[in-house]
Amino acid sequence: MAEESIGNPTPLLFERSVPGQRASDLPPLDVPTTPLPETARDTGPLDLPEVGPLELVRHYTTLARRSFSVDGNFYPLGSCTMKFNPRINEAAAAMPGFTSLHPLQPDEDLQGALALLYELRCDLAEIAGLDEVSLQPAAGAHGEYTALRVIRAWFADPAGGNQPQRNVVLAPDTAHGTNPASCTMCGAEVVAVPSKDGLVDLDALRAAVNDHTMAMMITNPNTAGLFDGSIGTIAEILHDAGALLYLDGANMNAIVGVARPGDFGVDAMHFNTHKTFSTPHGCGGPGAGPVAVRDFLSPYLPVPQVVAKQTAGGGMAYHLEQDRPASIGKVRSFFGQFGVLLRCWVYLRACGSDGLAHVAHTAVLNANYVAARLRHRYETPYFDPDRQRYCAHEFVTVPERLLARGVTLVDIAKRLVDFGIHPPTMHWPVHNCLMIEPTETESLASLDRFVEVMLRIADEIKNDPQRVTTAPHAAFVARVDEVAAARTPVLTHGP
Amino acid sequence: MLGTIGVADIDALYRSLPERYRLTGELNLPPAEAELDLRRALNARAAANRPAAEAEHGAFLGAGAYDHFIPAAVDALASQGAFVTAYTPYQAEASQGSLQAFFEFQTMICRLTGMEVANASLYDGATAVAEAVIMSLKATGRRRVIIAGTVHPHYRAVVRTYLADLAATFEEVEPGPNGTITDTDLQAALEAGKDGGNDVACVVVQSPNIFGRVESWSSLFAMTHAQTDALAVSVFNPIACGLLPLPGSCGADIAVAEGQPLGIPLQFGGPYLGLFATRRKLMRKMPGRLIGQTVDAEGQRAYCLTLQTREQHIRGAKATSNVCTNQGLLALRAAMYLAAVGPEGLRETAEQCYHRAHHAAAKIADLPGYFLSFDGPFFHEFLVNCPVPAAQLIDAGRAAGVMPGLDGSALGIGSADQLLIAVTEKRTAAQIDQLVNLLRAHH
């Protein structure tokens, strides 16, 4: 019997619980007690786990060992930009001068934090080629929502021509799912614009715009990994129809420091700091989704906004401005994901302008290199160097010949796990595709190993398909039954 | 690498990016700095702050962001690279560790609230309230939202923003004379619509509320349910759950909160943690990620993301919410905190908050010219009427190394001579004495 099958190697915290154990204490109460309120619970403590200090540490150390991460694994999860997260960012965010700030302290207590936010606000506007940035949104989808609300508010206003009827948002059929969902959240209707060869079909776009069109949400480079060179024409079509162009900044890693959305006709956009600017993904968050807009939209940005004033002494004084009468209001409590924005600031300072362009160049080089090495075994419908069709920072493969042998995309993904590689994004933006984003921080050796593993899996599909269809074999668990999980949801432990 | 691709230079790969859109010069950004210089710049920025939690004689600031003790284990365990640098656990076999941790988090939030299902987090308390309201609109098909005027002003403001384009009405019930919502006022609000309240989607009540006062969820929610089938939304404080009645036992259909008190530093307001729990019958209407327990091909216990057909990446415009990235790492911190303190530690923390706050309140109420703005039970925060403007006390505190509280008018919950004072388990008898001395000196 293998050692690990004796007992459960990964008990739940609740199963580690021993009555009376505790991993933390408090100094004794040094003030007189007051009778508890009549409504105080007298049913005893809550049914939470009771563990000692070693059990606590061992539990979460065990769980950490059972998770793939950028630190430990190649993680080419397309559209998520799983790049290296420099440790200086973490060290900065852990400084007591920042972690111990209460969000409702007077501005004069917060000058260091506000200076940093103001600088970030300006730097992001410069990178976007737009006029003003709000740092409030908590994530990319929240940024989309915020910007759409801003655009709607402008249209409803005399400044935007009193056009509240403009409530239709166009989005390519390859859009992130958050795009249509964000539209619904702000009461707008979404109309999909079909793609041709992975790019926006301009005729379809011309047919779709009318005086109900509020904006088009576009990701460029798009989710198929292509930079849409018609972006100027797309902007023109929308602007001619009185509508605006919104950029989903999820793929900024390909163009940051190389081109600015504002220069190609974008009116509003969001950044995903956790993608482009290397703030860590934290098992699913936190992110931050700063929004950049043209000047005519800035009065509608959410409150508060960080602003700077020259002081009499020649220095700068920073202030959180609440009084913006045309603002859409608050989109979250307090002031944004400060700890995330701080990491973003550090990253930008570490890169500088040249560094950012280098990020984009290397991300694009790495993706094209992997695509070029894989394409003869894994078809790349939009990537063909023989016809000078290159990808941006990520690419899509639809491995039809391999799938025709009776394996599924899931099989390939799960087999990758055996090699310690996190599977790419699957079935999106087109069916049966893998979307591969190596990022700029991976070494050539790491890219080569990935290619070797992918080629080996392709060989296995030919010679030993069962090895693939029954994968993973060397993961933390065998293949997980997701269908059963959804059929009979067990969302909590115990009764 | 270029040879493998078959191009001469990287520029060639940008072929589809028209020349006229390419930057020719540099961006106007500060020059790149080495790590040591960055450290120096950060030190200067940090030194220009005056952090509350470092105040020499203590800070008494609250209003939704509280200075609680965080065991060292929470920082150490949450800063493991495997947690920090992973993403949403889309591939179950590669992410069993984080999936199990989130499954445990969901279970702990259910047990903390007395609810049946909890998601794996939302952005913060304010957006959690807004999502609860939107879920109520969808679940009931109605457009009237009643929210207590004692809910945190930021939460109300965010709900207002979220409802602005959704053809829903937003009505606030004004606080009663004791700083809580009265049954009579809620009754009147319910009846103000048609069908005696049967057009109401939800009733939102926070307890402890923005004044620190304990609301009577049981009675308000019982009235809501007796009169309509609107959903009862409770906004709770997770530390108070150690002591006070749980949302689930008071008739709440949805329980939401700011999870910051659970092991998350103040860090200038974010990232924080939106907690969201509900009844099992409403499970499929929930926003956000859910982790489920299942088995692997060998029959071993395993975990995975589940009920994803509610979510934007599957359902697009018909999703329950647009949320994608959530606050995963903060949810892990909250779970680690709860695991570290355990049920006894949570109870002790809640009781210490209660006793220390009541000790401070009693001493302040004895000072000439000062009195508590409201009678009745409170948890660890209270509003005080002062003989001088709150701003003056805050300024005076700066010199004395005490942050005495928040200005009621600046917060939008009271007048300029009201001070909102929060007392957590971290505030010592000596710090409370310093606070009292500061106030005594100003009347």
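What you see is a predicted model; the values in this text were computed from it and never measured.

1. Overview of the overall build of chain A
A tally of helices and strands in chain A yields 16 helices and 14 strands. On C-alpha atoms alone, chain A measures out to a radius of gyration of 26 Å, which is about the 23 Å that the 2.2 N^0.38 rule sets for 495 residues. Each of the three principal axes of chain A carries a C-alpha extent, and together these read 75 × 70 × 45 Å. Scored against the burial criterion, the 495 residues of chain A give a buried share of 58%. Here the contacts in chain A between residues at least 6 apart in sequence split such that 72% fall between residues at least 24 apart.

2. Let's talk about the interface of chain A and chain B
With 164 residues of chain A at the contact, the number on the chain B side is 159 residues. A total of 20 residues in the side of chain A that touches chain B trace back to one element, the largest contributor, which is helix 11 (residues 338–374) of chain A. Split by residue class, the side of chain A that touches chain B holds 92 nonpolar, 46 polar and 26 charged.

3. Description of the sheet that holds strand 2 (residues 168–172) of chain A
Residue and element names in this part refer to chain A. Spatial strand order, 1-9-8-7-6-2-3: 7 strands in an open sheet with mixed pairing. Edge positions in the sheet fall to strand 1 (132–134) and strand 3 (189–193), since each has one partner strand and no second. Strand-to-strand twist across the sheet, computed as the mean angle between neighbouring axes with direction ignored, equals 25 degrees. Strand direction decides the pairing type here: strand 1 and strand 9 (residues 291–293), joined by 3 bridges, are antiparallel. Residue pairing in the sheet places Ser-134 in a bridge with Val-291 of strand 9. Of the strands in this sheet, strand 1, strand 2, strand 6 (213–219), strand 7 (244–249), strand 8 (268–271) and strand 9 are in contact with helix 6 (residues 140–156), which crosses strand 8 at around 165 degrees.

4. Let's talk about the environment of Ala-76 of chain B
The topology assignment puts Ala-76 of chain B in helix 4 (residues 72–78). Along the primary structure Ala-76 of chain B and Ile-134 of chain B are separated by 58 residues, whereas in three dimensions their C-alpha atoms are 37 Å apart.

5. Observations concerning the domain arrangement of chain B
Residue and element names in this part refer to chain B. For chain B, the domain assignment lists domain 1 (56–69 + 342–440) and domain 2 (77–336). One C-alpha centre belongs to domain 1, the other to domain 2; they are set 28 Å apart. The interface is formed by 27 residues belonging to domain 1 together with 24 residues belonging to domain 2. Sorting the residues of the side of domain 1 that touches domain 2 by element identifies helix 12 (328–365) and strand 11 (381–385) as the ones contributing at least two each. In terms of residues, the side of domain 1 that touches domain 2 owes the most to one element, helix 12, which gives 7 residues. Partitioned by chemical class, the residues of the side of domain 1 that touches domain 2 number 15 nonpolar, 7 polar and 5 charged.

6. Comments concerning the packing of helix 5 (residues 111–128) of chain A against helix 3 (residues 35–47) of chain B
The geometry of helix 5 of chain A relative to helix 3 of chain B is characterised by a closest axis approach of 6 Å and an angle of 125 degrees between their N-to-C directions. With respect to helix 3 of chain B, the axis of helix 5 of chain A lies oblique. Only Arg-45, Ala-46 and Ala-47 of chain B of helix 3 of chain B make contact with helix 5 of chain A, whose side of the interface consists of Gly-112, Ala-115 and Leu-116 of chain A. Partitioned by chemical class, the residues of the contact of helix 5 of chain A with helix 3 of chain B number 4 nonpolar, 1 polar and 1 charged.

7. As for the environment of Ala-215 of chain A
Residue and element names in this part refer to chain A. Mapping Ala-215 onto the fold places it in strand 6. The class of Ala-215 is buried, set by 24 C-beta atoms lying within 10 Å. Once the C-alpha coordinates of Ala-215 and Ala-484 are considered, the two residues, 269 residues apart in sequence, prove to be 41 Å apart. Discounting residues that sit within four places of it in the chain, Ala-215 has contacts with Ile-151, Val-169, Ala-243, Leu-244, Leu-245 and Tyr-246.

8. Focus: unusual backbone geometry
Residue Pro-286 of chain A is reached from Gly-285 of chain A by a cis peptide bond, and omega for that bond is 5 degrees. Residue position: Pro-286 of chain A is located in the loop between helix 10 (273–276) and strand 9. In this structure, Thr-81 of chain A takes a positive phi of about 50 degrees despite not being glycine. Inspection of the secondary structure puts Thr-81 of chain A in the loop between helix 2 (53–65) and helix 3 (87–93). The exposure class of Thr-81 of chain A is buried, given the 27 C-beta atoms found within 10 Å. For Ala-63 of chain B, which is not glycine, the phi torsion reads 55 degrees and is therefore positive. Structurally, the position occupied by Ala-63 of chain B is in the loop between helix 3 and helix 4. Overall, the presence of 24 C-beta atoms within 10 Å leaves Ala-63 of chain B in the buried class.

Each value, and the rule that gives it
- Residues numbered from 1 in each chain as written.
- Chains lettered and ligands numbered in written order.
- Predicted model: local features only at pLDDT ≥ 70, side-chain atom pairs only at ≥ 80, totals over all residues.
- Helix = DSSP H or I, 4+ residues; strand = E, 2+ residues; numbered from the N terminus.
- Rg over C-alpha atoms; globule rule 2.2 N^0.38 Å.
- Buried ≥ 20, exposed ≤ 12 C-beta atoms within 10 Å, placed from the backbone.
- Contact = placed C-beta atoms within 7 Å.
- Nonpolar A, V, L, I, M, F, W, Y, C, P; charged D, E, K, R; others polar.
- Pairing = 2+ DSSP bridges.
- Axes fitted to C-alpha atoms, helices over the stretch in contact; angles between N-to-C directions.
- Domains from an automatic or database assignment.
- Parallel < 35°, antiparallel > 145°, perpendicular 65-115°, else oblique.

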